[in-house]
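Letter by letter, the chains look like this.
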Amino acid sequence: MDRTHFYDQEAVEAWWSAWQEDVGTGRIGAAGRRPGDGRGAQGGGSGRAQRDRAVAIVLAELRQAGGYRRGLAARLARKHGGGERSWQRAMTEARALYEHRQDQNAEEDADTAPRAAQPSP
């Protein structure tokens, strides 16, 4: 047998208000989580600034070396301090940027290259 459930709106609103105070949030579905996107330093703040500096250092190394070289993250950790895993994460981000820029440069070179004359029929 199907039943219809009726709720008193005031009771529901009182419960919701108490729950928000208890959890510490006013957003539905947030469940009291701290601000951020759940992806660590990519959410912003000083951690993101440190990552940006690390990515810039790695990009410079990639340009100097002409691409990725094995062991680069470990060498950067020894040279600049910090954990090797942090440098590996910066390396992953920098490699994506580096390779994307390489692809863009290749496309630009292909667009500006002179085209061979096609014989007319």
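Conventions adopted
Residues numbered from 1 in each chain as written. Predicted model: local features only at pLDDT ≥ 70, side-chain atom pairs only at ≥ 80, totals over all residues. Heavy atoms only, no water. Salt bridge = Lys/Arg side-chain N within 4 Å of Asp/Glu carboxyl O. Helix = DSSP H or I, 4+ residues; strand = E, 2+ residues; numbered from the N terminus. Buried < 20%, exposed > 50% of the residue type's maximum accessible area, 1.4 Å probe, protein only. Phe/Tyr/Trp six-rings, centres within 6.5 Å; stacked < 30°, edge-to-face > 60°. Lys NZ or Arg CZ within 6 Å of the ring centre and 35° of its normal.

**A word on the pattern of salt bridges**
Step number 1: Applying the stated rule across the entire model yields four salt bridges.
Step number 2: Across the pair glutamate 93 and arginine 51 runs a salt bridge whose closest N-O atoms are separated by 3.5 Å. You can see glutamate 93 sitting in helix H4 (residues 84–112) and its partner arginine 51 sitting in helix H2 (residues 46–65), a full 42 residues away along the chain.
Step number 3: A residue is classified by how much of its surface remains accessible, and glutamate 93, at 23% relative accessible area, is partly exposed.
Step number 4: Shared partners join several salt bridges into a network, and the residues in it are Glu61, Arg75 and Lys79.

**Quick look at the packing of aromatic side chains**
Step number 1: Evaluated as defined, the whole model comprises one aromatic pair.
Step number 2: Ring centres of tryptophan 15 and tryptophan 16 lie 6.1 Å apart, and the angle between their planes is 40°; this geometry places the pair in the tilted category.
Step number 3: Of the residues examined, tryptophan 15 reaches a relative accessible area of 52% and is grouped as exposed.
Step number 4: Using a relative accessible area of 26% as the deciding quantity, one classes tryptophan 16 as partly exposed.
Step number 5: The residue whose ring lies beneath arginine 95 is tyrosine 68, and the NZ or CZ to ring-centre distance is 3.9 Å.

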